[in-house]
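Okay, here's what each chain looks like letter by letter:
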Amino acid sequence: MTTRAGFIALIGEPNAGKSTLTNRMVGAKVSIVTHKVQTTRARIRGVAIEGESQLVFVDTPGLFQPKRRLDRAMVAAAWGGAADADLVVLLIEAHRGISEGVKRILEGLHEMPKGRKIALAINKIDKVQPDKLLSLTEQMNEAFPFVKTFMISAEKGRGVQDLRAWLAAELPEEPWLYPEDQIADLPLRMIAAEITREKLTLRLHQELPYQLTVETESWEERKDGSARIDQIVYVARDGHKGIILGNKGETIKAISKAAREELAEFLGRKIHLFLQVKVRANWLEEKERYSEMGLDFRDGNA
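No experiment lies behind these values; they were computed from the predicted model shown. (Residues numbered from 1 in each chain as written. Predicted model: local features only at pLDDT ≥ 70, side-chain atom pairs only at ≥ 80, totals over all residues. Heavy atoms only, no water.)

### Overview of the side chain of Ser153
(1) Moving on: Of note, Ser153 is situated in the loop between strand 6 (149-151) and helix 5 (160-170).
(2) Moving on: The contact partners of Ser153, leaving out residues within four places of it in the chain, are Asn123, Lys124, Ile125, Asp126, Arg158 and Val160. (Helix = DSSP H or I, 4+ residues; strand = E, 2+ residues; numbered from the N terminus. Contact = heavy atoms within 4.5 Å.)

### Side note on the environment of Glu155
(1) Moving on: Positionally, Glu155 belongs in the loop between strand 6 and helix 5.
(2) Moving on: A sequence separation of 134 residues divides Glu155 from Leu21, and the C-alpha atoms of the two residues are 7.3 Å apart.
(3) Moving on: If we ignore the near neighbours within four places in the chain, the residues touching Glu155 are Thr20 and Arg24.

### Quick look at the pattern of salt bridges
(1) Moving on: Evaluated as defined, the whole model comprises 15 salt bridges.
(2) Moving on: Between Glu93 and Lys124 there is a salt bridge whose closest N-O contact spans 2.5 Å. In this pair, Glu93 sits in strand 4 (residues 87-93) while Lys124 sits in the loop between strand 5 (117-123) and helix 4 (130-143), placing the two residues 31 residues apart along the sequence.
(3) Moving on: Given a relative accessible area of 8%, Glu93 falls into the buried group.
(4) Moving on: Among the ionic pairs, Glu198 bridges to Lys199, the shortest N-O distance being 3.4 Å.
(5) Moving on: The exposure class of Glu198 is buried, given its relative accessible area of 1%.
(6) Moving on: Residue classification places Lys199 among the buried residues on the basis of a relative accessible area of 13%. (Salt bridge = Lys/Arg side-chain N within 4 Å of Asp/Glu carboxyl O. Buried < 20%, exposed > 50% of the residue type's maximum accessible area, 1.4 Å probe, protein only.)

### Notes on the pairing of strand 7 (residues 212-221)
Sheet faces and side chains relate simply in a regular strand, where the side chains alternate between the two faces.
(1) Moving on: In the sheet, strand 7 pairs with strand 8 (residues 227-235) via nine bridges, with the strands oriented antiparallel. Bridge assignment links Glu215 to a residue of strand 8, and that residue is Ile232.
(2) Moving on: The hairpin formed by strand 7 and strand 8 contains five residues between the paired strands, and Gly225 there has a positive phi angle of roughly 95 degrees. (Pairing = 2+ DSSP bridges.)

### Examining the layout of surface pockets
(1) Moving on: Empty space within the second largest pocket amounts to approximately 150 Å³.
(2) Moving on: For the second largest pocket, the full set of lining residues is Leu109, His110, Met112, Pro113, Lys114, Gly115, Arg116, Ile118, Phe144, Pro145 and Val147. (1 Å grid on protein atoms, 1.4 Å probe; cavity = no way out; pocket = protein on both sides within 12 Å on 5 of 7 lines; lining within 4 Å. Points joined across faces, edges and corners; volume = space filled by probe spheres on them.)

### Describing helix 4
(1) Moving on: Here helix 4 is 14 residues long and its end C-alpha atoms lie 20 Å apart, about the 20 Å a rise of 1.5 Å per residue gives.
(2) Moving on: Each element contacted by the buried residues of helix 4 is listed here: strand 4, helix 3 (100-110), strand 5 and strand 6. (Expected span 1.5 Å × (residues − 1).)

### What about the nonpolar core?
(1) Moving on: In this structure, Leu200, Leu212, Val233, Ile244, Leu263, Ile271 and Leu273 are the most contacted members of the largest nonpolar core, which totals 23 residues.
(2) Moving on: Sorting the residues of this core by element identifies helix 6 (188-203), strand 7, strand 8, helix 8 (250-267) and strand 9 (271-279) as the ones contributing at least two each.
(3) Moving on: For Leu263, the contacting residues outside a window of four places in its chain are Ala192, Ile195, Ile229, Gly268, Ile271 and Leu273. (Core = buried A, V, L, I, M, F, W, Y, C linked by side-chain atoms within 4.5 Å.)

### Regarding unusual backbone geometry
(1) Moving on: One non-glycine residue, Lys124, lies in the positive phi region at around 60 degrees.
(2) Moving on: The phi torsion at Lys248 lies on the positive side, around 55 degrees, for a residue other than glycine.
(3) Moving on: Within the fold, Lys248 resides in the loop between helix 7 (238-245) and helix 8.
(4) Moving on: Here Lys248 falls in the exposed class, since its relative accessible area comes to 72%.

### Let's talk about the packing of aromatic side chains
(1) Moving on: Scanning all chains against the criterion turns up two aromatic pairs.
(2) Moving on: For the cation-ring pair, Arg228 lies above Phe274, with the distance from its terminal atom to the ring centre recorded as 4.0 Å. (Phe/Tyr/Trp six-rings, centres within 6.5 Å; stacked < 30°, edge-to-face > 60°. Lys NZ or Arg CZ within 6 Å of the ring centre and 35° of its normal.)

### Brief notes about helix 1 (residues 18-26)
(1) Moving on: Most of helix 1 sits out of view: seven of its nine residues are buried.
(2) Moving on: Taken residue by residue, helix 1 has Lys18, Ser19, Leu21, Thr22, Asn23, Met25 and Val26 as its buried positions.
(3) Moving on: Note on helix 1: the residue one or two positions beyond its end, Gly27, has a positive phi of about 80 degrees.

### Some remarks on the confidence of the model for the chain
When pLDDT drops low, the exact placement of atoms in the prediction is not to be read closely.
(1) Moving on: Mean pLDDT over the chain: 82, with 77% of residues reaching 70 or higher.
(2) Moving on: Put simply, helix 9 (residues 287-292) is where the chain has its lowest mean pLDDT, 66, and strand 6 is where it has its highest, 97.
(3) Moving on: Predicted confidence for residues 32-42 stays below pLDDT 50, and this span has 58 contacts to residues more than four positions away or in other chains. (pLDDT = per-residue confidence, 0-100.)

### A closer look at the environment of Glu173
(1) Moving on: Position of Glu173 relative to the elements: it lies in the loop between helix 5 and helix 6.
(2) Moving on: Distance from Glu173 to Ser53, taken between C-alpha atoms, is 8.6 Å for residues 120 residues apart in sequence.
(3) Moving on: In this view, Glu173 contacts Thr2, Thr3 and Arg4; residues no more than four positions away in its chain are not counted.

### Some details on the packing of helix 1 against helix 5
(1) Moving on: At a minimum axis distance of 11 Å, the contact between helix 1 and helix 5 shows a crossing angle of 75 degrees. For the element pair helix 1 / helix 5, the angle class is roughly perpendicular. Residue-level contacts link Leu21, Arg24 and Met25 of helix 1 to Val160, Leu163, Arg164 and Leu167 of helix 5.
(2) Moving on: Residue composition of the contact of helix 1 with helix 5, by class: five nonpolar, no polar and two charged. (Axes fitted to C-alpha atoms, helices over the stretch in contact; angles between N-to-C directions. Parallel < 35°, antiparallel > 145°, perpendicular 65-115°, else oblique. Nonpolar A, V, L, I, M, F, W, Y, C, P; charged D, E, K, R; others polar.)

Written as structure tokens, this is what we have:
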């Protein structure tokens, strides 16, 4: 029996639907999904099985114009994920078309090693008329020689199975890379931190979500099968701490409850979650914080 396995990088602008597509492909919530842009920081991999093929998805941070060290490290991680992958899928939004960001990504694709199979997936197809889709497909394929184009709705699942089947058939003939029951290669401590960060992002608005990070400080297995998880939310300023805590601690309680419930569902057992908020003015410049997020601090150098 011939098995296939390999890495698939999903690239695109922030909010193009990469995390939603990863979760749809894997069939479990591995990568955090929010309506805020730039929420995926680490290269989270989701593992899916299709026939005799094992598909390992590299869910890269969105590609955008970087301004800060963290931004530069995220963009470097995205291109690094694409360069290391066996197959690359560029995801664009049907209703946004060829934006300035997409143009920059197309320029980057032309610089990638020749022979790399790069497919195009046009997402959110329910938001535009068929004739616009056809025109966008033609324009994109004139701009870059994609090996295949797919029309999908990651949120609703339309066209996703066709893309998944094609990817499965195109992967190299290799033994499987992960045990069959493993859906992500991120340590559980990091997944737990990502889930809490998602809840913070959904609850808070404006710039604050990009000025905070979450780290799982300790993980204690209890005799009754439950686990105690202690996490620290690092913020850059005192004022941010007050926003997260909220009036009489109501905001942090709501965030903690939402994160605890999702963690319990994800892990299939009772979770005791304790959050602390600490001010670290320069966390965006600390090497350890980048390592925790699976990013390379050096990639952030201007």
